[in-house]
Amino acid sequence: VVDGAHRVSGTRAAKASVPSGPGGVNMVLNGAPVFPVAGNAFYGRMLVWLDSAPETAVHWTFVEARGLIAGQTYHAAYRLGGQHPQTVGGSFAGSQVMLNYETPDSYGPTPNGPSSDCWKHANGDVLPTARWACVEWHFDGPTNAMQFWIDGEEAVSLTGTGEGCVHQPATYTWTAPNFDTLRLGWESYQTDAARTLWIDDVALHTSRLQCPSTAGGM
C-alpha cells in the first residue's frame, strides 16, 4: 500500500507490511521500459525506512534482480539483504547486510539447474532502522559482480568473490542472469517477527545515481 506515515518526497511512500513468519511483500518491476537493460548492468537507488530488524539469525532480502542465465533454462537471482545480528557493547546494533546468489529453479517438485545459495557477509555494516536510509546497488552482468552502498558509503567488504555456498564450493561463480525482473520489499526465509518497510524515491540508471543531497522527509 502507500501511506504518509514516513515519506521523503511528495506526500506518500510505498509500504510493505509483512506478518510474522517466513514470507514477504514485494513490488515487482519487469518488462519495458525498465528491462532489458543495455549492457545487462544497472545501478539502483532507493530510500528505505525499516521499523525494526531481526535480532536473531534470520535471512532476509529487500532487493532482488533475476532472470534466465544466457543459454540456459534456469533463473539466477542477485540479492541484497542480511542475516546475522550485530551487537556493540552488548547491545543489539542491527542486522548485518550481505549479498546472496541463488538459483531458485533448483527447488520444487521439478528441479531445474544447479543448486547454489551462496553468500558474502559485510564486515559489521547494518541496515539502519527507524530512520530514512539511502541504499544503492550495482548489478553488473558482464563481470558477475555486485556492489552496495549505505548512505553514500560503499560496503567495501562486500566486493570480491563469495565466502561460501550451501550447495557449491566457495569458489562457485555467481553467474549473472540476463536481468528481466526487479523485486523491492521485504522477504524472510525463516520465522521472523512482523516487519514494515517504507520505500521512496526509487531510481534506476546505467550510471550511479548517488543519494539525494536534499530530502525533505529525511
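Residues numbered from 1 in each chain as written. Predicted model: local features only at pLDDT ≥ 70, side-chain atom pairs only at ≥ 80, totals over all residues. Heavy atoms only, no water.

Draft legend 1. Representation of the sheet that holds strand E8 (residues 118–126). Across the sheet, which stays open at both edges, the seven strands sit in the order E3-E13-E5-E6-E7-E8-E12 with antiparallel pairing between neighbours. Looking along the sheet, the strands with just one partner apiece sit at the ends: strand E3 (23–30) and strand E12 (164–165). For E3 and strand E13 (residues 178–188), the ladder comprises eight bridges, and the chain directions are antiparallel. Of the residues in E13, the one forming a bridge with valine 25 is tryptophan 186. (Pairing = 2+ DSSP bridges. Helix = DSSP H or I, 4+ residues; strand = E, 2+ residues; numbered from the N terminus.)

Draft legend 2. Structural detail: the confidence of the model for the protein. With 98% of its residues at a pLDDT of 70 or more, the protein has an overall mean of 95. Per-residue pLDDT stays below 50 along residues 214–218; that stretch engages in nine contacts with residues further than four places along the chain or on separate chains. (pLDDT = per-residue confidence, 0-100. Contact = heavy atoms within 4.5 Å.)

Draft legend 3. Looking closely at the sheet that holds strand E14 (residues 195–205). Strand order in the open sheet formed by seven strands is E1-E2-E14-E4-E9-E10-E11, with antiparallel pairing between adjacent strands. Edge positions in the sheet fall to strand E1 (2–3) and strand E11 (153–154), since each of these pairs with one other strand and no more. By the bridge criterion, nine bridges tie strand E4 (residues 41–50) to strand E9 (residues 132–140) in an arrangement that is antiparallel. What sits directly across from arginine 45, in E9, is glutamate 136.

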